[in-house]
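Structural characterization, general
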Amino acid sequence: MSKRGGWIWPVISASVPVVGSFAGAQLIAWGIRDTTGIQAWLFAGGVTGVAAAVGVTVAGKIVEHRRGTSIDRARRNQLVKLRDELMPFASTTADMARQPHDVRQAYLKTTAQTAATALRSVVADHVARPRAVIYLLNADNEPVSMDSIAHSGRGERPRPFVQGTTRGDAALSFIEKKAVGFYPDLQKKRPAGYDGTMSGYNTYISVPVWTESGSYGMVTLDAPKAGSFDDGDVALVELVAEMMSIAFEIGQDDDVRVAE
Amino acid sequence: MKNVSDDVVARAYTSAMTKQGWRVVKTSGGYGVLKSTAGTKATKSTVVRPTAVTGKKGQGATKIDR
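In what follows, the accompanying structure is described. (Residues numbered from 1 in each chain as written. Chains lettered and ligands numbered in written order. Predicted model: local features only at pLDDT ≥ 70, side-chain atom pairs only at ≥ 80, totals over all residues. Heavy atoms only, no water.)

1. Let's talk about the interface of chain A and chain B
When the parts of a complex come together, some accessible area is lost, and that lost area is often taken as the interface size. Rule in force here: Contact criterion: two residues are considered in contact whenever any of their non-hydrogen atoms come within 4.5 Å of each other. Buried area is calculated as the accessible area (1.4 Å probe) missing from two parts once they are joined, with the contributions of both summed. One side-chain nitrogen of Lys or Arg within 4 Å of one carboxyl oxygen of Asp or Glu is enough to make a salt bridge. Polar contact is the term for a pair of N or O atoms within 3.5 Å; when the atoms are in protein, one must be able to donate a hydrogen and the other to accept it, and sequence-neighboring residues count only if both atoms are side-chain atoms. Numbering of helices and strands runs from the N terminus, with a helix taken as a DSSP run of H or I at least four residues long and a strand as a DSSP run of E at least two residues long. Ten residues, namely Ala, Val, Leu, Ile, Met, Phe, Trp, Tyr, Cys and Pro, are considered nonpolar, four, namely Asp, Glu, Lys and Arg, are considered charged, and the remaining ones, Gly among them, are considered polar.
Between chain A and chain B, the residue contacts involve 37 residues of the former and 29 residues of the latter. With both chains or domains summed, chain A and chain B bury close to 2,800 Å², and 55% of this area falls on carbon and sulfur atoms. Ranking the residues of chain A by area buried against chain B places Gln163, Glu176 and Glu212 of chain A at the top, with a combined share of 20%. Run the count over chain A and chain B and you get 3 salt bridges. Between Arg49 of chain B and Glu212 of chain A there is a salt bridge, with the nearest N and O atoms lying 3.1 Å from each other. The tally of links between chain A and chain B comes to 9 residue pairs in polar contact (both at pLDDT 80 or more). Where the side of chain A that touches chain B is concerned, the elements lending two or more residues are α3 (104-123), β1 (131-138), α4 (166-177), β5 (203-211), β6 (214-223) and α5 (231-250) of chain A. A total of 5 residues in the side of chain A that touches chain B trace back to one element, the largest contributor, which is α4 of chain A. Grouping the amino acids of the side of chain A that touches chain B by side-chain chemistry returns 15 nonpolar, 10 polar and 12 charged.

2. Quick word on a nonpolar patch on the surface
Residue and element names in this part refer to chain A. So the rule is basically this: By definition, no residue in a patch forms a salt bridge, and every one has over 30% relative accessible area; like charges are joined within 9 Å, nonpolar side chains (Val, Leu, Ile, Met, Phe, Trp, Tyr) within 5 Å. Working definition of accessibility: Shrake-Rupley area with a 1.4 Å probe, residue cover restricted to the visible protein chains. Categorising residues by exposure relies on relative accessible area from a 1.4 Å probe, with only protein chains included: less than 20% of the type maximum marks a residue as buried, more than 50% marks it as exposed, and the intermediate range marks it as partly exposed.
Taken together, the side chains of Trp7, Ile8, Val11 and Ile12 define a hydrophobic patch exposed on the protein surface, amounting to about 390 Å² of accessible area. Inspection of the secondary structure puts Ile8 in helix α1 (residues 8-33). When its relative accessible area of 42% is taken as the criterion, Ile8 is described as partly exposed.

3. Comments concerning the packing of aromatic side chains
The description of an aromatic ring pair rests on the distance of the ring centres and on the angle between the ring planes. The condition is simple: Ring pairs shown here join Phe, Tyr and Trp side chains whose ring centres sit within 6.5 Å, with only the six-membered ring taken for Trp; geometry is labelled stacked below 30 degrees between planes, edge-to-face above 60, and tilted in between.
Taken as a whole, this structure holds 6 aromatic pairs over all chains when the rule is applied. Ring centres of Tyr183 of chain A and Tyr204 of chain A lie 5.5 Å apart, and the angle between their planes is 40°; on these two criteria the pair is classed as tilted. In this pair, Tyr183 of chain A sits in strand β4 (residues 181-183) while Tyr204 of chain A sits in strand β5, placing the two residues 21 residues apart along the sequence. Neither Tyr183 of chain A nor Tyr204 of chain A differs from the other in exposure class; each is buried. With centroids separated by 5.2 Å and ring planes inclined at 80°, the aromatic side chains of Phe248 of chain A and Tyr31 of chain B adopt a geometry described as edge-to-face.

4. Structural notes on the packing of helix α2 (residues 39-98) of chain A against α5 of chain A
Residues and elements named next belong to chain A. Worth spelling out the cut-off: In this analysis, axes come from line fits to C-alpha atoms, helices being fitted only over the stretch in contact, and the angle between any two N-to-C directions falls in the range 0 to 180 degrees. Convention used here: angles under 35 degrees read as roughly parallel, angles over 145 as roughly antiparallel, angles from 65 to 115 as roughly perpendicular, and any remaining angle as oblique. Each crossing gets its handedness from the near helix: less than a right angle anticlockwise from the far helix is left-handed, clockwise is right-handed.
Remark: α2 packs on α5, axes separated minimally by 9 Å, with the N-to-C direction vectors making an angle of 15°. By the angle class used here, α2 and α5 are roughly parallel. Pair α2 / α5 crosses with left-handed handedness. The residues of α5 that touch α2, namely those facing Leu82, Leu86, Phe89, Ala90, Thr93, Met96 and Ala97, are Leu236, Leu239, Val240, Met243, Met244, Ile246, Ala247 and Ile250. Among the residues making up the contact of α2 with α5, the classes are represented as 14 nonpolar, 1 polar and no charged.

What follows is the structure in C-alpha cells.
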C-alpha cells in the first residue's frame, strides 16, 4: 500500500539531479563569460545547483539501498513467521493421521484451532483486529447447519449458518459453488442473498474447504476496517482451507453414510 | 427415537436440499459433507497425481496375486 504523499520523493529524486546539474552547468558557463561583475554570484549558484544534484543522487541511492534491505528483512521475517505459525498446524494434522479413527474427531478440532490461530497471527502483522473462523457442517441438526469449530481473534464465537434462513442458505450455496469470496468493502458490495449482521466487520474473505468428496465447511477471515485485505491474504486463506481439507479427509473412513 | 412428525420434517428438508442441487451427508468422522446433486463435478487443478496411481494400479495388484 502506498502512503499519501509518497510521490514527493520520487519526483524530487528524479528531477533535482537533472535540473540541478543542467542549471548549475549553465550558471557556471555564464559566470566564465560574465563581464558585469556578478561572476561570483553566478559561480555560487552554479556550484549550489551541481551540489544539489549530486546530493539528491547520493541520497536517492542510500534510500534505495535501505528500502531494499528493509524489504528483504521483512520478507525473511514473514517467511520465518509463516513457518512458525503453520508448523503446528501441519504437525497436528500429521499426528491426527497416526491416531485410531475414533479419536480423530477430537484432533480435528485442535487442528482447526491451530489453523485459525495461524491465519489470524500471520495477517495481524498488517491488519488491525482480524478474526479467523473455521466452520464445519453439522449433519446431525435438522435443518443442517454450518457451525464454528474454531476461531481466533476479535469477538465472540460466531453464530452458526442454519439451512432455511437467508443467511444460512446463502452460506451453504456458497460452499457448494466451491469458489472464493472476497468482499473488500461490504458497505459497497455484498454477496447475493447476504443477510449478515456485519457485527464488527466491514470486509471478509471466505474460502470453502472441499475435496472431490464434497464440501466440508469453510474458512473465513474478517476485519473491522474496509480495504484491510489484499490478494496475498486471499491466497493465505486459500492455503489454510486447502490444508484443512486434509484434516477433514483423514477424520473419516471411506464408508460415508447418508444422514437419517 | 424419532416420531412421525420428525420424519416428515426430515423428509421436507431433504427434499428442499435436493431442489437446491445439493444434500448433506454425514461422514463416519461425525461431521457433514455437502455433495452436489446437480450433476456437475468439480476437480482440483492443484492435485498432481502420481503416475503409479493413475495408470497401473490394477496391473500391479494382479501380478502380486499370481
